[in-house]
Amino acid sequence: MSGFNEVYYVACGNSYEEQMRLSINKKSDGYFFYGEIAKEGEPIFFEPSFQERNKKLGIASVKTDVMFDGPSFVVNNNIKKELDKYDLHGIQLCPAIVIESTGWDEGYWYLNIYQYLDCWDKDKSITRPLKAGRDIEDTKVLKYHLDKSVLNKIPENNRMIFKMGGGFYSHIFIHEKLVTYFLKNNITGIRFFKVSDFEEGMQI
């Protein structure tokens, strides 16, 4: 088994309803998009998702150290300082402001992951068969086996966090050094599944 399957983890948000999820606020509508953000340094505005639904159901969303918005997540200032120790390729750390009914929280940073890394072994990973005429990007990887021939070419310092490319799912992968930091400091709002143990669907 590849050693990389033991040192990388699939990251996802908590599954309980009270976990605050984020959506882009209208203040950043039209400015926030998939890809590199040209106006780096300007804040991106978010708001809690499912506000009307949660209000009807009496669910009070809980803010956490990490909060997911769909394509990526925001982190608090302490985590941002830890990430600054690494030269993360294809990632921008952008100021994030969460707008709530009680006011604005400016203590977050958004990880804009604008480059994907296709590093799953096409022979050893378990996939769902493609339908006729579909592209390789439509492959559903059910169990990943990371490709050491790809990862060995990239300095570890540059691949501490990456978003998987080359398939239907775009999971975020995090190196065990950062996972250790998250766990040691009791960071809330994020879960980790070791690649060697992870099967698609476990994160739900």
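Structure shown above.
Remember, predicted model here, so these are calculated numbers, not experimental data.

What counts and what doesn't
- Residues numbered from 1 in each chain as written.
- Predicted model: local features only at pLDDT ≥ 70, side-chain atom pairs only at ≥ 80, totals over all residues.
- Heavy atoms only, no water.
- Buried < 20%, exposed > 50% of the residue type's maximum accessible area, 1.4 Å probe, protein only.
- Helix = DSSP H or I, 4+ residues; strand = E, 2+ residues; numbered from the N terminus.
- Pairing = 2+ DSSP bridges.
- Arc of directions from axis to C-beta.
- Contact = heavy atoms within 4.5 Å.

1. As for the pairing of strand β1 (residues 8–12)
(1) Moving on: Among the five residues of β1, five are classified as buried, and the element is accordingly described as predominantly covered.
(2) Moving on: By the bridge criterion, four bridges tie β1 to strand β12 (residues 172–175) in an arrangement that is antiparallel. If you follow Val10 over to β12, its bridge partner there is Phe173.
(3) Moving on: As paired strands, β1 and strand β13 (residues 191–194) are joined by four bridges and run antiparallel to one another. Note on β13: the bridge partner recorded for Val10 is Phe193.

2. Looking at helix α5 (residues 176–184)
(1) Moving on: Along α5, the residues that are buried comprise Leu178, Val179, Tyr181 and Phe182. All buried residues of α5 lie within an arc of 155° about the axis, which places them on one face of the element. Set apart from the buried face of α5 by more than 90 degrees, the exposed residues are Leu183 and Lys184.
(2) Moving on: Where α5 is buried, its residues meet β1, β4 (66–68), α3 (77–83), β11 (161–164), β12 and β13.
(3) Moving on: One or two steps after α5, the chain reaches Asn186, where phi turns positive at roughly 55°.

3. Brief notes about the environment of Leu93
(1) Moving on: Position of Leu93 relative to the elements: it lies in strand β6 (residues 91–100).
(2) Moving on: Residues Leu93 and Phe182 lie 89 residues apart in sequence; the distance between their C-alpha atoms is 17 Å.
(3) Moving on: Setting aside chain neighbours within four positions, we find Leu93 in contact with Lys80, Leu83, Asp84, Trp109, Tyr110 and Leu111.

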